[in-house]
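Close look at the chain arrangement
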Amino acid sequence: MKEIYIAPSQEAGRDFVLRGIKGPVVMLNLLRFRETADYSASPELEPEKPISGKEAYQLYIDHTLPFLKESGGEIMFLGEGGKYLIGPSGERWDLVMLIKQKNVERFLNFESHKDYQKGIGHRTAALEDSRLLPVAESKESGKLIFQQ
């Protein structure tokens, strides 16, 4: 069975904090939606009629945006995905999103906000699989340095 990724593991969360990122952090999100949202983990959030994963993710975004903005975060980019040009031929991502947060502490405060947490079940219901890559700005002022 193929492994899926919807939420961070404790180890991944610890490693993220231990990276010691200073300053802004950008979260690269790759998202694949379920055909029909699965609310079995959060039945209290389930709409009266079945909805698509994409529709459930929109409910998550509608719920999340006020908390993101309150924490100083922003959506930098939102784009339709597809299959890779370079990468596994059978893999596709429906949505690509870049979220910028002022720093790691603000991101962690946003993620742990109790009212934000009340709507996270929409995200879980929506996603078939996902990836989240924290990206820190390069300290090399736009230059890449290759060691020989």
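Each remark here, short or long, concerns the structure printed above.
Attention here is on the structure that accompanies the text. Computed from a predicted structure; not experimentally measured.

The rules behind these values
Residues numbered from 1 in each chain as written. Predicted model: local features only at pLDDT ≥ 70, side-chain atom pairs only at ≥ 80, totals over all residues. Heavy atoms only, no water. Helix = DSSP H or I, 4+ residues; strand = E, 2+ residues; numbered from the N terminus. Contact = heavy atoms within 4.5 Å. Areas by Shrake-Rupley, 256 points an atom, 1.4 Å probe, with all protein chains shown as cover. Polar contact = N/O pair within 3.5 Å; in protein donor to acceptor, adjacent residues only side chain to side chain. Buried < 20%, exposed > 50% of the residue type's maximum accessible area, 1.4 Å probe, protein only. Lys, Arg positive; Asp, Glu negative; His and termini not counted. Salt bridge = Lys/Arg side-chain N within 4 Å of Asp/Glu carboxyl O.

When you go through the protein residue by residue, the secondary structure sums to 5 helices and 4 strands. For the protein, the succession of helices and strands along the chain, N to C, is α-β-α-β-β-α-α-α-β. Its C-alpha atoms put the protein at 60 × 40 × 30 Å along the principal axes. When contacts within the protein are restricted to residue pairs at least 6 apart in sequence, long-range pairs at least 24 apart make up 73% of them. Element-wise, carbon and sulfur atoms account for 55% of the exposed surface of the protein, whose accessible area totals about 10300 Å².

It is worth spelling out the environment of Trp 93 at this point. Its location among the elements puts Trp 93 in strand 3 (residues 92-101). For the pair Trp 93 and Lys 69, spaced 24 residues apart in sequence, the C-alpha to C-alpha distance is 25 Å. Sequence-distant contacts of Trp 93, that is, excluding residues within four places in its chain, are made with Leu 30, Leu 31, Arg 32, Gly 81, Gly 82, Tyr 84, Asp 129, Ser 130 and Arg 131. Reaching out from Trp 93, the side chain makes a polar contact with the side chain of Tyr 84 at a distance of 2.9 Å. Reaching out from Trp 93, the side chain makes a polar contact with the side chain of Glu 91 at a distance of 3.2 Å.

This next bit is on the side chain of Glu 91. The topology assignment puts Glu 91 in the loop between strand 2 (74-83) and strand 3. Among buried Asp, Glu, Lys and Arg side chains, Glu 91 stands out as unpaired, with Arg 131 the closest opposite charge at 4.5 Å. Residues in contact with Glu 91, not counting those within four places in the same chain, are Arg 32, Gly 82, Lys 83 and Tyr 84.

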